[in-house]
Amino acid sequence: MVNTSFETLPRHMQMEILSRVPLKFLMKFMCVSKKWASIIRGEEFREDYLFQSMKRPRVLFVIDHREYLPIKPEAFFHSVYQEDQPLLLSGKLRMRTFETPLVQVFQPIRGLICQQGYGKIVICNPGLKKFRSLPQIKVHKGAPMRTFFGYDEDKDVFKVLCITWLRNGKRSEVSKEYLVYTMGSDEESSSWRLITCEHDHAPVTEGLFKGGVLYYGAKSNNGKSVVMSFNVNSEDFSVIELEVEISPYWRLVNYKGDIALMNNIEDSLYHSREFEMWVRNEVTGNWDRTSIKISHWNGTVDGKTFYFKGTIGTKELAFAPDYWFGEQHFVSYYDTETKNLRRFDIEGMVDQDDFVRTFFDHVDSTWLI
């Protein structure tokens, strides 16, 4: 019998085996040998690991916990596999920290999330409990700042778009800056770059990243509501006209592969079993008003207020609340074809009253390892 050890296996087989190791154990494996550490830190392994992780997406909760104001808020990260039963807790990942700001939390991209505070921006890999603080942006006191996060697949880099603006006394006189930060796989320090935008606007909503493009609701210089698109690769801005007026209460979501706009105030699901959204037709460029009715909603969610968070990889619509009040945490999935509405309980969450951001299709990643 041939005695085969891991070290004698071909490199591609070693990578195949390591790519199936849970993230929380992968960090420990790096301490076994320099060879293992070299494999795990490599770009080829990073892509292999990401490919395997996409087969088991996660639901990620970012909890803003403020037990005693006005102390610095505590960020609590909790993720579980999106499709596992709640008793299978092997996939559970948790982290508490005071180091990440929580004014804005952008959707996860390839395992990373971008978080913004007052002038502070941090890129975080919650699975690895790793952070990278970006250079501080000098912002005038009281000046608004909005951050967006995207990925350039051609260059294999992440980009952070930051927009700041300051009124100069008169309402029509607004000074704006459009800044971009590029983050690659190396740890070399970068800096913010000033870019130009030919379409004067002020962001209104949080953003949505899809297909190499960032989308966000905004107001043009004449006060009209528009959706701005930012090509992460070329760094070009474009304007998408709107048929409705939007406010900060509106959100952009992914609806079956198309971008859609929803009003959080009017289209939450409480006792109502129906919600509406404006869906952009990619072919015609028009916004179509779409209504979704879920007949057996109340019996599944116990009368709680839920919000539509987007379409997940299974083609189901995903719903979650923005606040929990010391109760059993759960999310809901709805299949528009079969009309099946199912509840997915989340075990192990903190039993407190907190503001919760919920992200679906989050994946484990070795970025920042």
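Residues numbered from 1 in each chain as written. Predicted model: local features only at pLDDT ≥ 70, side-chain atom pairs only at ≥ 80, totals over all residues. Heavy atoms only, no water.

Asks: Run through the sheet that holds strand β24 (residues 341-346), naming residues and quoting values.
Replies: Paired through backbone hydrogen bonds, the strands of a sheet run either parallel or antiparallel to each other. Taken in spatial order, the 4 strands of this open sheet run β20-β21-β23-β24, and their pairing is antiparallel. The two strands at the open ends of the sheet, each matched to only one other strand, are β20 (307-311) and β24. Shown here is a sheet whose adjacent strand axes are inclined to one another by a mean of 25°, direction ignored. Across 6 bridges, the pairing between strand β23 (residues 329-334) and β24 is antiparallel. Bridge pairing in β24 places F330 opposite D345. (Pairing = 2+ DSSP bridges. Helix = DSSP H or I, 4+ residues; strand = E, 2+ residues; numbered from the N terminus. Axes fitted to C-alpha atoms, helices over the stretch in contact; angles between N-to-C directions.)

Asks: Can you tell me about the confidence of the model for the protein chain, naming the residues and giving the values?
Replies: Overall, the predicted model of the protein chain reaches an average pLDDT of 85, with 87% of residues at or above 70. When mean pLDDT is taken per element in the protein chain, strand β14 (residues 225-231) scores highest with 97 and helix α5 (residues 297-301) scores lowest with 73. Ignoring residues within four places in sequence, the model shows residues 86-90, a span with pLDDT below 50, making 4 contacts including any to other chains. (pLDDT = per-residue confidence, 0-100. Contact = heavy atoms within 4.5 Å.)

Asks: Which residues make up the packing of aromatic side chains, and what are the values?
Replies: How two aromatic rings sit relative to each other is set out by the distance from centre to centre and by the angle between their planes. One pass over the full model with this rule turns up 19 aromatic pairs. Judged by centre distance (6.5 Å) and plane angle (90°), the rings of F106 and F148 are edge-to-face. Here F106, found in the loop between β4 (104-105) and β5 (113-116), pairs with F148, found in strand β8 (residues 145-152); they are 42 residues apart in sequence, far enough to count as distant. F148 sits in the buried class, given a relative accessible area of 0%. Geometrically, the ring pair formed by F106 and F149 is edge-to-face, given 6.5 Å between the ring centres and 90° between the ring planes. Separated by 43 residues along the polypeptide, F106 in the loop between β4 and β5 and F149 in strand β8 bring together distant segments of the chain. The buried category is assigned to F106, whose relative accessible area is 6%. Classification of F149 as buried rests on a relative accessible area of 0%. Through a chain of ring-to-ring contacts, the aromatic side chains of F106, F148, F149, Y151, F158, Y216 and W367 assemble into a single cluster. Its end group placed over the ring of Y81, R56 keeps NZ or CZ at 3.8 Å from the ring centre. (Phe/Tyr/Trp six-rings, centres within 6.5 Å; stacked < 30°, edge-to-face > 60°. Buried < 20%, exposed > 50% of the residue type's maximum accessible area, 1.4 Å probe, protein only. Lys NZ or Arg CZ within 6 Å of the ring centre and 35° of its normal.)

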